[in-house]
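Remarks on the overall topology
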Amino acid sequence: MKGDGWLHAGNALIRSVLHMDPDTLSDEVWGFQVRMAEWVENERVRRYTPTA
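Fair warning: this is a prediction, and the values are worked out from it, not measured in the lab. (Residues numbered from 1 in each chain as written. Predicted model: local features only at pLDDT ≥ 70, side-chain atom pairs only at ≥ 80, totals over all residues. Heavy atoms only, no water.)

Comments concerning the environment of Ala37
Structurally, the position occupied by Ala37 is in helix α2 (residues 27-48). For Ala37, a relative accessible area of 0% puts it in the buried group. A C-alpha to C-alpha distance of 8.7 Å links Ala37 and Ser16, two positions 21 residues apart in sequence. When residues no more than four places from it in sequence are discounted, the contact partners of Ala37 are Leu13, Ile14, Val17 and Leu18. (Helix = DSSP H or I, 4+ residues; strand = E, 2+ residues; numbered from the N terminus. Buried < 20%, exposed > 50% of the residue type's maximum accessible area, 1.4 Å probe, protein only. Contact = heavy atoms within 4.5 Å.)

Description of unusual backbone geometry
Located in the positive-phi region is His19, a residue other than glycine, with phi close to 55°. Tracing the backbone shows His19 in the loop between α1 (6-18) and α2.

Some thoughts on the packing of aromatic side chains
Within the structure shown, the criterion is met by one aromatic pair. Each ring, one from Trp6 and one from Trp30, has its centre 6.2 Å from the other, and the planes form 75°; the classification is edge-to-face. Here Trp6 is found in helix α1, whereas its partner Trp30 is found in helix α2, with 24 residues between them in sequence. On the accessibility criterion, Trp6 (43% relative accessible area) is partly exposed. The buried category is assigned to Trp30, whose relative accessible area is 16%. (Phe/Tyr/Trp six-rings, centres within 6.5 Å; stacked < 30°, edge-to-face > 60°.)

See the structure below:
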């Protein structure tokens, strides 16, 4: 995640994908949870994208 909205994007991923409140997480746990949420989203795209 790059750009000005990376913090908001990370918070949104944690909230929408993991159903957690990012405001309650330490910085280290927040970073880990963002990576986990990214992985879940990537898996979701990979699984539901039709292949030729």
